[in-house]
Amino acid sequence: MRLVAIALVCLGCGSDGGSPRLPAWDKALPEASVMGVRRGLTPARGIIHLHSPYSHDACDGMPRDLTMIPGGPINEPCLADLRAALCTTHVDYAALTDHDGSMADEEFTKLFSMRGGDQPIVNTANEQIASKMTCDDGHEVDFTIGGENDIMPIMLDRHVVGSVAERHATYNGDDAAAAAAFRAAGGLVWMAHTEQHDLPELHTIAPDGVELYNLHANIDPKIRPMYLGLDASGAIAAVADFADTNPGHPEPDLAFIAFFSPSGPALDRWNALLGEGKHVAASAGTDAHENALPIMLGDGERGDSYRRMIRWFGNIALVDNPHDPAHVKAALASGRMFVAFEVFGTPDGFDARAVTATTTTELGGTVAVADAATFTVDLPHVLGLDPSLPAPEITAKLIRVDATGAHDLATAGDGTLTTPMTAVGAYRVEIWITPHHLGPYLGDLGTKDAEVSLPWIYSNPIYVE
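Residues numbered from 1 in each chain as written. Predicted model: local features only at pLDDT ≥ 70, side-chain atom pairs only at ≥ 80, totals over all residues. Heavy atoms only, no water.

A. Broad picture of the sheet that holds strand 16 (residues 374–378). What the four strands build is an open sheet, ordered 14-13-16-20; its pairing is antiparallel. Two strands in the sheet have a free side with no partner beyond their single neighbour: strand 14 (360–361) and strand 20 (416–420). (Pairing = 2+ DSSP bridges. Helix = DSSP H or I, 4+ residues; strand = E, 2+ residues; numbered from the N terminus.)

This is the structure:
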């Protein structure tokens, strides 16, 4: 999200006779590259955990036109919403993760939902592993295929082996054999809804990555009290306030900050795996289906539109080439990535790395204790923040996770923060923000939701061994 620097300052007067108008709210996101290329690595914005009409429960439970028969025509308006949203938010890679019904019933190449001028991307074996959509403004979005059931394989190169019935069984698997089948099909093994998986289960699966936050869990009235300890109806009640269309209504895209709560159980399980010495990447799951909040908000757009949910946050991979799915896949596998909640603003200038006298190690990398590296973090600022808005408060927290738990090492509010990497563990950083700059956009709801410190960035670790 950009708070446009070219403000629509008062050309006349507001309704109170003298209040200046707010800078225009930008419903789009900029190209991820504006976050800054570092050491030859370009930020690529991605959505990991995303449902198309090839999930049985997408599109308000009507992912197909007229019939739910496998092979029937899919809901084209719903698909068009998804495609348009990815263009508006300038997503670079969309890791589709459809449920086995009806994803397992379809030929693999059909799952890319290619339309218009989309182009297939093939590997050296001439298998289609991705597709490329070119937006009207020239931006390119790469689609990959995965599945979300008990395990969430991402970026598969092909279906798992077997008949349609056998595919269903494998995609619904919850054991090490299923994980091995996903890797054999070229995928990375991810765990969605980490808040619902205990450590013994995670040990069995040995995932490449886990979700540290899941949007569906944060909203769902059943999941909130059972797994997160939150009020069942709190999220829906909070979103309802943004349905107001009267003058002075809040900006609907900010409904997120009214219910956003970090997923303590998911973070605890990720930290536990890191503390055991495992190298496990983490992402945030959008889990968008256009099936959760069909109510129209004040901008005439449904509460859970693909565009709205996708622009709230993304997974920023640092890659040599953002237009090559293989480069993105390698970044995700290693954890060379961070989560950015861009509803608070696109972070400009963020950089985390391990530095020695002769080397720089990126997120997801490993250094030795003897290397005497320094964990170095440049704090970001909000890209294009209009100076007429209140300034946000930004705090960085450096964390080491080891066998004894997660330890806060240092904090700072601006500039560059460093800490010596003299002990074994996984070193990561969290950037927190109190988004005072969003308060004026909350209208007659008041500014209370903009006075709370919330996560803006979660980095993946650098490991010291």
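B. Layout of the pattern of salt bridges. According to the stated counting rule, one finds 30 salt bridges in the structure shown. One salt bridge connects R307 with E301, and the closest N-O pair in it is separated by 2.9 Å. Each member of the pair R307 and E301 is classed as buried. Measuring nitrogen to oxygen at the nearest pair gives 3.8 Å for the salt bridge that ties E430 to K397. (Salt bridge = Lys/Arg side-chain N within 4 Å of Asp/Glu carboxyl O. Buried < 20%, exposed > 50% of the residue type's maximum accessible area, 1.4 Å probe, protein only.)

C. Geometry of empty space enclosed by the protein. All told, the structure shown has one cavity of 30 Å³ or more when counted by the stated rule. As a volume, the largest cavity reaches approximately 50 Å³. Looking at the largest cavity, the residues that line it are I129, T144, M155, L156, D157, P325, A326 and K329. Tallying contributions element by element places helix 13 (residues 325–334) first for the lining of the largest cavity, with three residues. (1 Å grid on protein atoms, 1.4 Å probe; cavity = no way out; pocket = protein on both sides within 12 Å on 5 of 7 lines; lining within 4 Å. Points joined across faces, edges and corners; volume = space filled by probe spheres on them.)

D. Spatial organisation of the pairing of strand 10 (residues 314–319). Extensive coverage of strand 10 is indicated by the burial of six of its six residues. Here strand 10 shows a buried face lined by G314, I316 and L318 and a second buried face lined by N315, A317 and V319. Looking at chain direction, strand 1 (residues 42–50) and strand 10 are connected through five bridges and run antiparallel. Along strand 10, the bridge assignment pairs T42 with V319.

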